[in-house]
Amino acid sequence: MIALTAGWATDVGRVRAANEDACFVGSRIVAVADGMGGHAAGEVASRLAVEAMRALDEAPGDLDAEAFGQAIADANAAIVQHGRQHRRTAGMGTTLCGVGMVGGPAASELCVFNIGDSRVYRLAEGTLRRASIDHSEVEELQSAGLITADEARTHPLRNIVTRCLGMARGAEPDASVVSAVPGDRWVLCSDGLNGELTDAEIAEIVGAHPDPQQAADALVAAAVEAGGRDNVTVIVADVTDAAG
Ligand code: CA
């Protein structure tokens, strides 16, 4: 029997007037959302996205990959609907990424999902690797070999996402089911983290703090220290063996 032991931190940063990120840490799901849209609409969109994750976390019964897909589709519908009912928020959107336990009390698998450019990293056997692909212009440029990872962090198109929740069409998340390995650490973040820190810098901080709350605090503090040009939100979730 496994469990997720998580810490989280968020900061408005040094430039933005408001924090449009949202995050959720539940008993079996952790998720980060990065809202976008003027007049505080981004805050509404990211909150609707994480509330859908809360509803799923609190739903009775075991979760499977289809349940995650349905909850994400529900979140998208709620955001589109809200935009139709409140013109002030029309056109708002949000990223969403997360990790959640699949199956019952003996769950040994995790659903890893993302839409937009909020990221999921996995620290396994001492190595931090990205577990999600950004849906963004710069990710496409980078995978085509046109720019480097360093250039992507400062590129003029770095804030353009190619998929997000809040679109009437094309709000398709990526989702996969992977083994839940006790000892693994999952790191979720909005682009305010990876926009300021390289993957190597993130890995160093993640590896330096055994406590997930301290790791999350240190990551957010480092991103703010490095410039804090965007809202930054981080969840660090350790897979633990709840029976042992
Ligand atoms: Ca952002």
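Residues numbered from 1 in each chain as written. Predicted model: local features only at pLDDT ≥ 70, side-chain atom pairs only at ≥ 80, totals over all residues. Heavy atoms only, no water.

What follows is about the packing of helix 6 (residues 199-208) against helix 7 (residues 212-225). Where helix 6 meets helix 7, the closest approach of the two axes is 8 Å, and the angle between their N-to-C directions is 145°. Taken as a pair, helix 6 and helix 7 cross one another with a handedness that is right-handed. The segment helix 6 lies against helix 7, with Ile202, Ile205 and Val206 engaging Ala215, Ala218, Leu219 and Ala222. For the contact of helix 6 with helix 7, a count of residues per class yields 7 nonpolar, no polar and no charged. (Axes fitted to C-alpha atoms, helices over the stretch in contact; angles between N-to-C directions. Helix = DSSP H or I, 4+ residues; strand = E, 2+ residues; numbered from the N terminus. Left-handed = near helix turned anticlockwise from the far one by under 90°. Contact = heavy atoms within 4.5 Å. Nonpolar A, V, L, I, M, F, W, Y, C, P; charged D, E, K, R; others polar.)

Applying the stated rule across the entire model yields 1 aromatic pair. Consider the rings of Phe68 and Phe113, whose centres lie 5.7 Å apart with planes at 40°: the pair is tilted. Of this pair, Phe68 sits in helix 2 (residues 65-85) while Phe113 sits in strand 6 (residues 109-115); the two residues are 45 residues apart in sequence, bridging distant segments of the chain. By relative accessible area, which is 1% here, Phe68 ends up buried. (Phe/Tyr/Trp six-rings, centres within 6.5 Å; stacked < 30°, edge-to-face > 60°. Buried < 20%, exposed > 50% of the residue type's maximum accessible area, 1.4 Å probe, protein only.)

Within the largest apolar cluster, 28 residues are counted, with the highest numbers of intra-cluster contacts made by Ile29, Met53, Leu56, Phe68, Leu96, Phe113 and Leu165. Those elements that provide at least two residues to this core are strand 2 (21-25), strand 3 (29-36), helix 1 (41-58), helix 2, strand 5 (96-102) and strand 6. At 8 residues, helix 1 tops the list of elements feeding residues into this core. Those residues within four positions of Leu165 in sequence are excluded, and the remaining contacts are Ala49, Ile72, Ala75, Asn76, Ile79, Met92, Gly93, Thr94, Leu96, Ile115 and Ala171. (Core = buried A, V, L, I, M, F, W, Y, C linked by side-chain atoms within 4.5 Å.)

What follows is about the sheet that holds strand 10 (residues 185-189). Pairing in this open sheet of 5 strands is antiparallel, and the strands run 1-11-10-7-8 from one edge to the other. Both outer strands of the open sheet, strand 1 (2-11) and strand 8 (127-130), are each paired with one neighbouring strand and no more. Taken pair by pair, the neighbouring strands of this sheet meet at an average axis angle of 20°, ignoring direction. Here 5 bridges tie strand 7 (residues 119-124) to strand 10, and the two strands are oriented antiparallel to one another. Across the sheet, Tyr121 pairs through a bridge with Val187, a residue of strand 10. (Pairing = 2+ DSSP bridges.)

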